[in-house]
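Close look at the chain arrangement
The primary structure of each chain is shown beneath.
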Amino acid sequence: GLVRDNERGCTRTTMAAGEDDHVATYKAVDREHDHHGADKPRRGCVRFVAISDTHGKHGALGLLPLGDVLVHAGDFTERGDLAEVDAFCEWLSQQPHARKVVIAGNHDLTLHGGAYEQACRDWGVTIDGRERERCVAARARLKAVPGLEYLCCSGTEVEGVRLWGAPWVPTCGGVFTKPPAALAAVWQQIPDDVDVLLTHGPPRGHLDLAVPRGFGMGRKHAGCEHLLHAVTQRVRPAFHVFGHIHEGYGTETDGATTFINAASCTVRGQCTQPPIVFDVPARHPTREPVEAGATPAQCCCFACLRELDEADPAET
């Protein structure tokens, strides 16, 4: 459960004995504190600050806890408008975290060039012939943010800690959606040695209880069964960060993986759910650090824009 630490003005996630006691959420931060209200990271660890589903309301989060890596698990806009992307990138550029790792969500329409036009039609957005231009521009905006990596069925490392991220969710409105059966091929791409997995949607049964539309209806599991199988039977990452189901916000563990639903917005759309902070022991880096603003050379959502020569890795 969540308990309030009144002395520090933060809300900490408490877990059962034997579970990771270095996962915490921060309701408010002390501006006089060296780490913006958070405990100092454990020695030899990489500190992650996780948020998701800000839907253009990131400013409501206030001063974020400090850390080495700020991760966003998608839906940073409401419908991917360039003005929304610009505002997010400007805000992200102002954050003190040396590394930022971002994936898209189903609301970030301009991040999927192949599905953008149809999504505009579905969501009542005017088609004006400049759809491709907007998709290219959205990608360029993200790429220009210092220290940002945009992951799309791809990975990176931070001090030897291995991350991998993908935006895909079971069929719903927007982009980056597939029928549940088709998602199995996506999750097969997750490397076996991932430490921190970043997906937009949850695995089935973990922080995925959604409130259905309709009076008197009970909550239903909205997570992906195939993602659950990949995470619990094969990959078993130390941490799995996601969002998408706003009402599933929180943390839990199965003893091997700590599951973190970092959705910042509530089910009513208020961006009031605190960032979640966790530490991961650093390892010796196995590759060169990423350059500021770097983006994977192969990105599934832009293959259709003919900017890349290779086929869409998540569509095959």
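This text gives an overview of the structure that appears in the document. Each chain carries its own residue numbering, running from 1 in the direction its sequence is written. Only residues with pLDDT of at least 70 get local features here, since the model is predicted, and only at 80 or more are side-chain atom pairs given and counted; chain-wide, interface and lining totals rely on the full set of residues. The side-chain figures draw on all heavy atoms in the structure; neither hydrogens nor water molecules are used.

Considerations on the environment of Val161
In DSSP terms, a helix is any run of H or I states spanning at least four residues, a strand is any run of E spanning at least two, and both are numbered starting from the N terminus. Along the chain, Val161 turns up in strand 9 (residues 161-166). Put simply, Val161 and Asp193 are 32 residues apart on the chain and 9.7 Å apart in space, counted from C-alpha to C-alpha. Contacts were defined at the residue level, with two residues in contact if any of their heavy atoms lie within 4.5 Å. Not counting chain neighbours up to four residues away, the residues in contact with Val161 comprise Val46, Phe48, Thr156, Asp195, Val196, Val280, Pro281, Ala282 and Arg283.

A closer look at the sheet that holds strand 17 (residues 258-261)
At least two DSSP bridges between two strands are needed for those strands to be called paired. The sheet built from six strands is open, its strands ordered 8-9-12-15-17-16 with mixed pairing. Each edge of the open sheet carries a strand with a single partner, namely strand 8 (154-158) and strand 16 (250-253). Across the sheet, the mean angle separating the axes of adjacent strands is 20° when strand polarity is ignored. Pairing of strand 8 with strand 9 involves five bridges; the strand directions are antiparallel. Across the sheet, Gly155 pairs through a bridge with Trp164, a residue of strand 9. The convention used is that axes are lines fitted to C-alpha atoms, helices contributing only their stretch in contact, and that angles between N-to-C directions extend from 0 to 180 degrees. On the sheet, helix 5 (residues 225-235) packs against strand 12 (196-199), strand 15 (239-242) and strand 17 and is oriented at approximately 175° with respect to strand 12.

Focus: helix 1 (residues 82-93)
For helix 1, spanning 12 residues, the distance from its first C-alpha to its last is 16 Å, which sits close to the expected 16 Å at 1.5 Å a residue. Summary of the burial criterion: residues with accessible area below 20% of their type's maximum are buried, those above 50% are exposed, and those between are partly exposed, where the area comes from a 1.4 Å probe applied to protein chains only. Among the residues making up helix 1, those that are buried are Leu82, Glu84, Val85, Phe88, Cys89, Trp91 and Leu92. Every helix has an expected span of 1.5 Å times one less than the residues it contains.

Structural measurements only, silent on function.
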